[in-house]
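Topology and contacts: notes
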Amino acid sequence: MKAAGALVALSMMTCLALAAPGAKAAAPPALAGQTPSGETRPAQAAPAQPAAIPNGRCLGCHANGLGGAPRVQAVTLAHSVHSDLQCVDCHRAITTLPHRPIVPAVNCGSCHALQARQLAHGGHAPPSAAQTSSGSASPPTCVDCHGSHAVAPVASVRFREGVAASCATCHAQPYQSYVLTTHGQAALLGDMAAPRCSDCHDPHAARSPADPLSQVSTANLTTTCGSCHRGANIRFTGFDPHPAPLDRTHSALVYYVELFMIALLAGVFGFFGLHTLLWLQRSIVGKLRGELPRTASVGGQYVRRFSLVERATHVIVIISFMLLALSGLPLMYAGTPWARWLIDVLGGVRSAHLIHLINAAITFGYFLFHVCYLAWRVLVKKQTFRVFDSDSLVPRWRDIADIGRNFRYFLYLGPRPQLDRWSYWEKFDYWAVFWGVAIIGVSGLLLAFPVLFTHVLPGVSLNVALVVHGEEALLATGFIFIFHFFHNHLRPENFPIDVTVFTGRVSLERFKEERPLQYQRLATEGHLPQVLVGPPTTFATVLSILFGYAVVLTGLVLVVLMIVTQRL
């Protein structure tokens, strides 16, 4: 019994030794395949130690953790790139069972000689005796990056999805800056073609950028970047793949652009946030007091508020904007589960990118069409166009006065302002499209065609474009999904949906109530009969309601997800 007990104890010590840091996996010694760096590994001679002990005997202890042995499942080995090896092909010191408690470290270099030589002279080289005695941090071993038993092929989804996170265990700050770029965002969303750390930085040589032999040295950057961005030039390499927008020493230009965009976001959301909250409480009180009646049309009289061209353009704007938001926002929230789910629904990062580009082109198209439409009305139709006319969307002094009057109304200090054809918030919406198309459009073009534009512009312009495009996208989506939806659909006067912009028609009674100045002018000038029309058809009304609900609910879900989840 004593001898049996000693044998069990020795077996437990042996199994525990297999989990020691020194027990590292190695690549197959006799097969051709891929090395950890992706290079072809030539076939080599058979291992010096014959596979005298089959895996079944090793798994007898390790599959179930018998006696405290480190668990290694057969299925783990079966899905490893080393699945055709026996345990003793790597753990060559083990010749008999039970084996010694202390097992020598696996020598991966016995098969991966090239990588071992690179590692010995790179930044991940094993520490010298002096460094070890001084307490210097140990560099990563093969096992730290590739694992021990579940070694995945370097081209596999399993390996590539974990590369950046593995590097982040030691390089946290570079990782955080990496995920601020489309490289890292696309990688987080599952794009296998997106560059990982090991694609730009040789994981075995791991040389400093100051080293002329480094893949990311100034002399080699065009070649490294050109492996993905064909035709990359020296200006292109000025792009910083590890940006720090809030660090002025990193790039003063990017820093001040970031500050401007933050100030713009804070200003718009601050003003309209206060505006919306005050309006909401005043509308609720007004509704309870019966101050805001929603009168029905008498005798079927309606006023044509929007033309067919305007309504059709607005629908195109809505659809393209929603698709841009659905395909673009996941990049900015790439670390969240909803972003990954949404990208998968869209068919993956590449498919979402194509959807984004198509709808960006549509955006430029309707913008150009609208400008041409205005020019046609003035130059061909000879319609009178006075810049500061009451029918014009150009801001005027009265709009500033209406802001003051509305705040007085919100605070119960005065009546509601008398509105004309366009309110100040509608004019803000209109001109925000011009600003947004210009800012998001130009920055998006730089990001879509970086090599082309860096033949003229410096590489840092891409970092500026990345900041501007992202922050302006947040501004646009946040404003539309919160404030624009409130102004037109969610305030008590209009809740739950206002289909005027879709049907183009509003009841005469409501028109008198909401646009008294325009009504009085039309009536005085005798133009009212020209804009009177019948009610919209039931089909048009139902279709407008369904479409409006779909858009508003989608936008509200997105904005809630944006608010409750942390942005990278």
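Scroll up for the structure.
All residue numbers here refer to positions counted from 1 along the written sequence of the relevant chain. Since the coordinates come from a predicted model, pLDDT governs what is reported: local features require at least 70, and pairs of side-chain atoms require 80 or more to be given and counted, while whole-chain, interface and lining totals use all residues. Excluded from the side-chain calculations are hydrogens and water; all other atoms, namely the structure's heavy atoms, are used.

1. Comments concerning the overall build of the protein chain
Secondary structure elements are taken from DSSP: a helix is a run of H or I of four residues or more, a strand is a run of E of two residues or more, and numbering for both begins at the N terminus. The number of helices and strands found in the protein chain is 25 helices and five strands. For the exposure calls, accessible area comes from a 1.4 Å probe over protein chains only, and a residue counts as buried if that area is under 20% of its type's maximum, exposed if over 50%, partly exposed in between. Taken over 568 residues, the protein chain has a buried fraction of 40%. Partitioning the intrachain contacts of the protein chain with sequence separation of at least 6 by distance along the chain shows that 72% fall at a separation of at least 24. Note that accessible areas follow from Shrake-Rupley with a 1.4 Å probe, and for residues the cover is restricted to the protein chains shown. Of the roughly 29800 Å² of accessible surface on the protein chain, 68% is carried by carbon and sulfur atoms. Should any heavy atoms of two residues lie within 4.5 Å, those residues are considered in contact.

2. Focus on empty space enclosed by the protein
Here a cavity denotes a set of grid points, spaced 1 Å apart and computed over the protein atoms alone, in which a 1.4 Å probe fits but from which it cannot get out, and a pocket denotes an open set meeting protein on both sides within 12 Å along at least five of seven lines; residues with an atom within 4 Å of a point are reported as lining. Grid points are joined across faces, edges and corners, and a volume is the space filled by probe spheres set on the points. For the structure shown, the criterion picks out one cavity of 30 Å³ or more. Forming the walls of the largest cavity are R396, R398, D399, D402, L419, D420, W422 and K427. In terms of residue count, helix α17 (residues 397–410) provides more of the lining of the largest cavity than any other element does, three residues in total. Gly falls in the polar group here, along with every residue not listed as nonpolar (Ala, Val, Leu, Ile, Met, Phe, Trp, Tyr, Cys, Pro) or charged (Asp, Glu, Lys, Arg). Here the lining of the largest cavity is built from residues that sort into two nonpolar, no polar and six charged.

3. Observations regarding the nonpolar core
We call a set of buried Ala, Val, Leu, Ile, Met, Phe, Trp, Tyr and Cys residues a nonpolar core when their side-chain atoms join them within 4.5 Å. If you look at the biggest cluster of nonpolar residues, it comprises 41 residues, and the most contacted ones within it are L329, Y333, W338, F481 and L558. It is helix α14 (residues 308–332) that provides the largest number of residues to this core, a total of six residues. With ten residues, the next largest nonpolar core counts L278, W279, L419 and Y424 among its residues.

4. Regarding the sheet that holds strand β4 (residues 505–507)
At least two DSSP bridges between two strands are needed for those strands to be called paired. One open sheet holds the three strands; their spatial order is β4-β3-β5, and the pairing between them is antiparallel. At either margin of the open sheet sits one strand with a lone partner, and together these are β4 and β5 (532–533). Where strand β3 (residues 302–304) lies against β4, three bridges are found, and the strand directions are antiparallel. Bridge pairing in β4 places V303 opposite V506.

5. Observations regarding a nonpolar patch on the surface
For patches, a residue must show more than 30% relative accessible area and have no salt bridge; joins then use 9 Å for like charges and 5 Å for nonpolar side chains, namely Val, Leu, Ile, Met, Phe, Trp and Tyr. Salt bridges are defined by distance alone: a side-chain nitrogen of Lys or Arg within 4 Å of a carboxyl oxygen of Asp or Glu. On the surface, a nonpolar cluster with roughly 370 Å² of combined accessible area is contributed by L246, Y256, L259 and I262. With respect to the helices and strands, the residue I262 is situated in helix α13 (residues 252–289).

6. Describing helix α20 (residues 460–490)
Multiply 1.5 Å by the residue count of a helix minus one, and that product is the helix's expected span. Here α20 contains 31 residues, and its C-alpha end-to-end distance of 42 Å stays within 8% of the 45 Å for a straight helix at 1.5 Å per residue. Across the 31 residues that make up α20, a large majority, 26, are buried.

7. Comments concerning the pattern of salt bridges
This model, assessed by the stated rule, comprises 18 salt bridges. Ionic pairing is found between D191 and R350, a salt bridge with its closest N-O pair at 2.7 Å. Linking D191 in the loop between α10 (182–188) and α11 (197–200) with R350 in helix α16 (residues 349–379), this pair joins segments that are 159 residues apart in sequence. You can call D191 buried: its relative accessible area is 8%. In this structure, the salt-bridge partner of D211 is R207, at a minimum N-O distance of 3.6 Å. Judged by its relative accessible area of 32%, R207 falls in the partly exposed class.

8. Observations regarding the packing of α14 against α16
Taken N-terminus to C-terminus, the directions of α14 and α16 make an angle of 155 degrees; their axes are 9 Å apart at the nearest point. Taken together, the axes of α14 and α16 lie roughly antiparallel to each other. Here the hand of the crossing between α14 and α16 comes out left-handed. Here V309, E310, T313, I316, V317, I319, S320, L323, L324, S327 and G328 of α14 come into contact with α16, specifically with A352, I355, H356, N359, A360, I362, T363, Y366, F369, Y373 and R377. For the contact of α14 with α16, the class distribution of residues is 13 nonpolar, seven polar and two charged. Axes here refer to lines fitted to C-alpha atoms; in helices the fit is confined to the stretch in contact. Angles between the N-to-C directions go from 0 to 180 degrees. By the definition adopted for this analysis, an angle is roughly parallel if under 35 degrees, roughly antiparallel if over 145, roughly perpendicular if from 65 to 115, and oblique otherwise. Take the far helix as the reference: if the near one is turned anticlockwise from it by less than a right angle, the crossing is left-handed, and if turned clockwise, right-handed.

9. Brief notes about the packing of aromatic side chains
Two rings belonging to Phe, Tyr or Trp (six-membered ring only in the last case) form a pair when the distance between their centres is within 6.5 Å. Interplanar angles under 30 degrees mark stacking, angles over 60 mark edge-to-face geometry, and anything in between is tilted. On inspection of all chains with the given rule, the structure shows 28 aromatic pairs. Look at F306 and W422: their rings are 6.3 Å apart centre to centre, the planes differ by 40 degrees, and that puts the pair in the tilted class. Pair noted here: F306 is in the loop between β3 and α14 and W422 is in the loop between α17 and α18 (424–448), with a separation of 116 residues, a long-range link. Of the two residues, F306 and W422, both sit in the buried class. When the centroid spacing of 5.1 Å and the interplanar angle of 70 degrees are considered together, the rings of F367 and F434 count as edge-to-face. Highlighted residues: F367 in helix α16 and F434 in helix α18, separated in sequence by 67 residues. Residue classification places F367 among the partly exposed residues on the basis of a relative accessible area of 25%.

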